[in-house]
Structure formats: structure tokens, C-alpha cells
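Descriptive analysis of the structure
One-letter residues, chain by chain:
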Amino acid sequence: MTVTEARRRWRELLDRVERGETMAVSRRGKIVATFVPERTPVSVSAKHPEPETGRAV
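Residues numbered from 1 in each chain as written. Predicted model: local features only at pLDDT ≥ 70, side-chain atom pairs only at ≥ 80, totals over all residues. Heavy atoms only, no water.

1. Re the nonpolar core
Counting residues in each nonpolar core, the largest one holds six residues, listed as Val 3, Ala 6, Leu 13, Val 17, Met 23 and Val 25. For this core, the secondary structure elements donating two or more residues are helix H1 (3-8), helix H2 (10-18) and strand E1 (23-27). Excluding residues that lie within four positions of it along the chain, Met 23 makes contacts with Met 1, Arg 16, Val 17, Ala 33, Thr 34 and Phe 35. (Core = buried A, V, L, I, M, F, W, Y, C linked by side-chain atoms within 4.5 Å. Buried < 20%, exposed > 50% of the residue type's maximum accessible area, 1.4 Å probe, protein only. Helix = DSSP H or I, 4+ residues; strand = E, 2+ residues; numbered from the N terminus. Contact = heavy atoms within 4.5 Å.)

Next up, the structure:
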């Protein structure tokens with residue numbers, strides 16, 4: 001999708017990304033941006049287990 005198309009179809013672009021698509025935007029034939037769906041971050045406690053027990057806090 002070109003920058004001009006992305007400007008005209010901004011809501012559609014966001015809807016498509018929200019549904020899971022990755023969209024690349026180009027200017028003069030060169031990709032200048034990539035829109036990717038947001039991933040739900042893993043909680044900090046799930047990333048770092050308790051040292052003594054090995055269980056998540």
C-alpha cells in the first residue's frame with residue numbers, strides 16, 4: 001500500500017491490522033513503515049519466576 005493509499009484508507013488499514021494482518025506502506029517503491037497487530041504482553045511475573053520455588057510470583 002502506498003502512503004497516499006494509506007492516508008485515504010486509514011480506517012481500513014487499521015481494521016485490517018486489528019484483524020491480524022501485517023501491512024507495509026511504501027513511498028516511491030520503498031517500504032517506509034510496517035503496521036503489525038499488537039500482541040498482548042506477557043505479565044512480568046510470568047517472565048520472572050521466584051528464585052526459590054521456580055514458580056511465577
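From this point, things continue past the structure.
2. Focus on the environment of Phe 35
Residue placement: Phe 35 occurs in strand E2 (residues 30-35). For the pair Phe 35 and Leu 14, spaced 21 residues apart in the sequence, the C-alpha separation amounts to 8.4 Å. Those residues in contact with Phe 35 that sit more than four places away from it in its chain are Trp 10, Leu 13, Val 17, Glu 21, Thr 22, Met 23 and Val 25.

3. Observations regarding unusual backbone geometry
One non-glycine residue, Arg 28, lies in positive phi territory at about 55°. Turning to its location among the elements, Arg 28 is positioned in the loop between E1 and E2. You can call Arg 28 exposed: its relative accessible area is 82%.

4. A short note on the pairing of E1
Here five bridges tie E1 to E2, and the two strands are oriented antiparallel to one another. Along E2, the bridge assignment pairs Ala 24 with Thr 34. Here E1 folds back onto E2 in antiparallel fashion, the turn holding two residues, of which Arg 28 has a positive phi close to 55°. (Pairing = 2+ DSSP bridges.)

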